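# Observations on chain architecture
Single-letter residue listing:
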Amino acid sequence: MKVLVLNGPNLNMLGIREKQIYGTQTYEDLKEMIDTYCQREQIEVEIFQSNHEGALVDRIQQTYFDGTHAIVINPAAYTHTSVAILDALKAVQLPAVEVHLSDVSSREAFRQISYAGMACEKTIMGKGFAGYLEALKYLKEAHDK
Ligand code: DQA
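Report on the accompanying structure. Per chain, residue numbering runs from 1 following the sequence as it is written. Given that this is a predicted model, residues contribute local features only at a pLDDT of at least 70 and side-chain atom pairs are listed and counted only at 80 or more, while totals for whole chains, interfaces and linings are drawn from all residues. Based on all heavy atoms of the structure, the side-chain values leave hydrogens and waters out of the count.

### Details of the nonpolar core
Here, nonpolar core means buried Ala, Val, Leu, Ile, Met, Phe, Trp, Tyr and Cys residues that are tied together by side-chain atoms lying within 4.5 Å of each other. Relative accessibility decides the category of a residue: with a 1.4 Å probe and only protein chains considered, values under 20% of the type maximum give buried, values over 50% give exposed, and everything between is partly exposed. Of all hydrophobic cores here, the largest spans 25 residues; its most connected members are Val 3, Val 5, Leu 14, Ile 34, Val 72, Tyr 132 and Leu 136. Among the elements that line this core, the one with the most residues is helix α2 (residues 27-40), at 5 residues. Contacts: residue pairs with any heavy atoms within 4.5 Å of one another. Among all residues touching Val 3, those that are not within four sequence positions of it are Ile 43, Glu 44, Val 45, Glu 46, Thr 68, Ala 70, Val 72 and Leu 136. The helix and strand labels rest on DSSP assignments: H or I over at least four residues marks a helix, E over at least two residues marks a strand, and numbering proceeds from the N terminus.

### Re the site of the ligand
Nearness is defined per residue: one heavy atom within 4 Å of the molecule or strand is enough. Inspection of the region around the ligand gives Arg 17, Tyr 22, Asn 74, Ala 76, Ala 77, His 80, His 100, Leu 101, Ser 102, Val 104 and Arg 111 as its neighbouring residues. Pairs of N or O atoms are called polar contacts if they sit within 3.5 Å, as long as, within protein, a hydrogen donor faces a hydrogen acceptor (for residues adjacent in sequence, only side-chain-to-side-chain pairs). Within the side chain of Arg 17, a nitrogen or oxygen atom sits 3.0 Å from an oxygen atom of the ligand. In this structure, Arg 111 approaches the ligand through a side-chain N or O atom, which is 2.8 Å from an oxygen atom. Taken by itself the ligand offers 320 Å² of open surface, and the protein chains cover 98% of this. What sets the accessible areas is the Shrake-Rupley method with a 1.4 Å probe; for residues, cover comes only from the shown protein chains.

### A closer look at the sheet that holds strand β4 (residues 96-100)
Strand order in the open sheet formed by 5 strands is β2-β1-β3-β4-β5, with parallel pairing between adjacent strands. Across the chains shown, the open sheet's two edge strands, defined by having one partner strand only, are β2 (44-49) and β5 (122-125). Strand-to-strand, the axes of this sheet are offset by a mean angle of 20°, without reference to chain direction. When DSSP finds two or more bridges between two strands, those strands count as paired. Pairing between strand β1 (residues 2-7) and β2: 6 bridges, direction parallel. By the bridge assignment for β2, Val 5 is matched with Ile 47. Axis lines are fitted to C-alpha atoms, over the contacting stretch for helices. Their N-to-C directions set the angle, which ranges from 0 to 180 degrees. This element, helix α3 (residues 53-62), spans β1, β2 and β3 (70-74) of the sheet and lies at about 170° to β1.

### Focus on the state of the cysteines
Note that a disulfide, as used here, is simply two cysteine sulfur atoms within 2.5 Å. Under the definition given, this model contains 0 disulfides. Cys 120 provides the cysteine sulfur closest to Cys 38, a residue in no disulfide bond, and the two sulfurs are 17 Å apart. Judged by its relative accessible area of 1%, Cys 38 falls in the buried class. A relative accessible area of 14% means that Cys 120 is categorised as buried.

### What about the packing of α3 against helix α4 (residues 83-92)?
It is the contact of α3 with α4, at a shortest axis distance of 9 Å, that shows an interaxial angle of 5°. As the angle between them shows, α3 and α4 are arranged roughly parallel. Every residue of α4 that contacts α3 at Glu 53, Leu 56, Val 57, Ile 60 and Gln 61 is listed here: Ala 84, Ile 85, Ala 88, Leu 89 and Val 92. Here the residues of the contact of α3 with α4 sort into 8 nonpolar, 1 polar and 1 charged. Orientation is classified from the angle alone, with under 35 degrees giving roughly parallel, over 145 giving roughly antiparallel, 65 to 115 giving roughly perpendicular, and any other angle giving oblique. Classification used: nonpolar for Ala, Val, Leu, Ile, Met, Phe, Trp, Tyr, Cys and Pro, charged for Asp, Glu, Lys and Arg, polar for all others including Gly.

### A closer look at α4
When α4 is considered as a whole, its buried residues turn out to be Ile 85, Leu 86, Ala 88, Leu 89 and Val 92. On an axial view of α4, the arc spanned by its buried residues comes to 160°, and they lie on one face. In this fold, the buried residues of α4 make contact with α3 and β3. Of the residues flanking the start of α4, the one acting as N-cap is Ser 82, its side-chain oxygen 3.4 Å from the backbone nitrogen of Ala 84. Once α4 ends, the next one or two residues include Gln 93, with phi positive near 55°. Picture the helix axis, draw a direction to every C-beta atom, and the arc is the one those directions span.

### Looking at unusual backbone geometry
The backbone of Gln 42 shows a phi angle near 55°, a positive value even though the residue is not glycine. Within the secondary structure layout, Gln 42 lies in the loop between α2 and β2. In this structure, Gln 93 takes a positive phi of about 55° despite not being glycine. Within the secondary structure, Gln 93 is located in the loop between α4 and β4. Judged by its relative accessible area of 69%, Gln 93 falls in the exposed class.

Here is the structure:
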């Protein structure tokens, strides 16, 4: 099974940005954790991060042509603004899970809408890095059924 893990703006700053919300582990730590899990679970994974909306849209579109089976996405701030990312997810029609490190439901009003989430089967929030593994587990089990 081939999965794309997509991360949006400022997630490359994990370990530096707002540690009281996002913790002290770095983006490198996140990638290492996902890689180790995927190796163990026999999931082929690509992890992609961009601070640019169009680059995320381009990468989602590419999944239509490259044999990807499922998507894990943390669109970060674009969660709450990007109809373009929502439309790209709808265009490729792959099973997708939305992940947020923090519990966005208990944060500011402007974080209460998720456009990307409207094209996802499931949303996992407030579980930190473990949320990504839960998303991978869910998608792998659905794929193997
Ligand atoms: C986030 C939540 C978003 O509201 C925020 O803009 C982020 C990270 C999370 O993982 O908790 O950058 O997606």
